[in-house]
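Structure assessment
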Amino acid sequence: TRSVTITSADQSMFEKAQGEQVTLPCTFELSEEDEGPLDIEWVLIPADNQKNEKIIIMYSVDRVYDQYYAASTKRMHFTNLDPKSGDGSLDILNLKAADTGTYQCKVKKAPGVQSTKMQLTVLVKPARTKCSIEGSQEIGKDVTLKCVSQEGSPLLSYDWRRVSGSQNLPATSVLNKNTGELLLKNASQEYSGVYSCVASNRVGTDECSVELNVTPPVNTAAIIVGAIIGTLLGLSVLCSIIFCFCKKHREKKYEKEVHHDIREDVPPPKSRSSTARSYIGSNRSSLGSMSPSNMEAYTKTPYSQVPSEDFERAPAQTPAFAPSKVAAPNLSRMGAVPVMIPAQSKDGSIV
């Protein structure tokens, strides 16, 4: 018996760039013997066999159902607004890398069932391509120019060209189109200039550039000598700072010790009473050397002549002397030696 038949072209592979759109064909013809309701169903078969198939969109009983797959919302719909006319093709807008996979179109009208599969690959254009230089840019050295794209579907291909000066690459250069490395052997000053790298795949290209400046070798001996001199100068400055700090610390310590010693060696100041006692003692000692001839003069000197700034006695302790009764000083207690004075007796002899 005759049943529903898929009439779309037998195209199983589709390649598109990210952001573009694609139409997956699924046209069919119905048979008069098919009496059941018409169902059209699009299913995404993931590349990972561990994951289940996902229904993207479905037409059944004159109605479209497109809420099964959240990622397809407003991006996937039937090409024909009336799929039962024989066109169940699927349009996918604003393609994303996650849309890559196997798509199956099933057309069912009992008792007939037909399906077709096709592979969709969403390619990402090269993007964020960066160029860099590896190695010493000195005459006679080997220099490597590197080119890498942060985004882009494989297989990526890289190509270098010289922008400034001669458009041709140096004769000693070696290019690896798969890794994007350009090796310049035994570089010379003629190699200096701007180099450009173009990264490409089947859906697009991206470009970056870098400037190479080959210079004479650096005088490493002078650099080493300069570094040594600079280090020595730095050490000398540091030593000077430490010496000054230590010297200042020692001076401060010496000043503190000298100040402390002076305060310990100085005797306490004499009180006024001790001064007075020393003054009286000196007067008493002087009495021992006095003769009776000068004793009278000494007795006439009152104690009131003791300097008031050297001796002050409390009023209660001041002795009261009767002006008419001045006792003669005790010469023995004062340590005075008595002097023998010759006298004449009545008979004329000397006693």
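Labelled according to an unreviewed UniProt entry, the chain appears under the name CXAR protein, originating from Pycnonotus jocosus.

With antiparallel pairing, the three strands of this open sheet are ordered in space as β14-β17-β18. This sheet does not close on itself; its edge strands, each paired only once, are β14 (157–162) and β18 (204–212). With direction set aside, neighbouring strand axes in the sheet form an average angle of 20 degrees. In the sheet, strand β17 (residues 193–201) pairs with β18 via nine bridges, with the strands oriented antiparallel. Residue pairing across strands places Asn201 opposite Gly204, the latter belonging to β18.

Our next topic: a nonpolar patch on the surface. Nonpolar side chains collect at one region of the surface, where Ile224, Ile228, Leu232, Leu235, Leu238 and Ile242 lie side by side and expose about 570 Å² of accessible area between them. Residue placement: Ile228 occurs in helix α1 (residues 220–265). For Ile228, a relative accessible area of 48% puts it in the partly exposed group.

We now examine the state of the cysteines. Counted under the stated rule, the structure contains three disulfides. There is no disulfide at Cys244, and the cysteine sulfur nearest it, in Cys246, is 9.4 Å away. For Cys244, a relative accessible area of 49% gives the class partly exposed.

Our next topic: the pattern of salt bridges. A full pass over the atoms with the stated rule returns seven salt bridges. For Asp62, the salt bridge is made with Lys84, and the minimal N-O distance between the two is 3.8 Å. Separated by 22 residues along the polypeptide, Asp62 in the loop between β6 (54–60) and β7 (63–65) and Lys84 in the loop between β8 (76–78) and β9 (90–92) bring together distant segments of the chain. Lys84 sits in the partly exposed class, given a relative accessible area of 43%. For Lys146, the salt bridge is made with Glu134, and the minimal N-O distance between the two is 3.0 Å.

Scoring rules and cut-offs
- Residues numbered from 1 in each chain as written.
- Predicted model: local features only at pLDDT ≥ 70, side-chain atom pairs only at ≥ 80, totals over all residues.
- Heavy atoms only, no water.
- Pairing = 2+ DSSP bridges.
- Helix = DSSP H or I, 4+ residues; strand = E, 2+ residues; numbered from the N terminus.
- Axes fitted to C-alpha atoms, helices over the stretch in contact; angles between N-to-C directions.
- Patch = residues over 30% accessible without salt bridge, like charges linked within 9 Å, V, L, I, M, F, W, Y side chains within 5 Å.
- Areas by Shrake-Rupley, 256 points an atom, 1.4 Å probe, with all protein chains shown as cover.
- Salt bridge = Lys/Arg side-chain N within 4 Å of Asp/Glu carboxyl O.
- Buried < 20%, exposed > 50% of the residue type's maximum accessible area, 1.4 Å probe, protein only.
- Disulfide = S-S within 2.5 Å.

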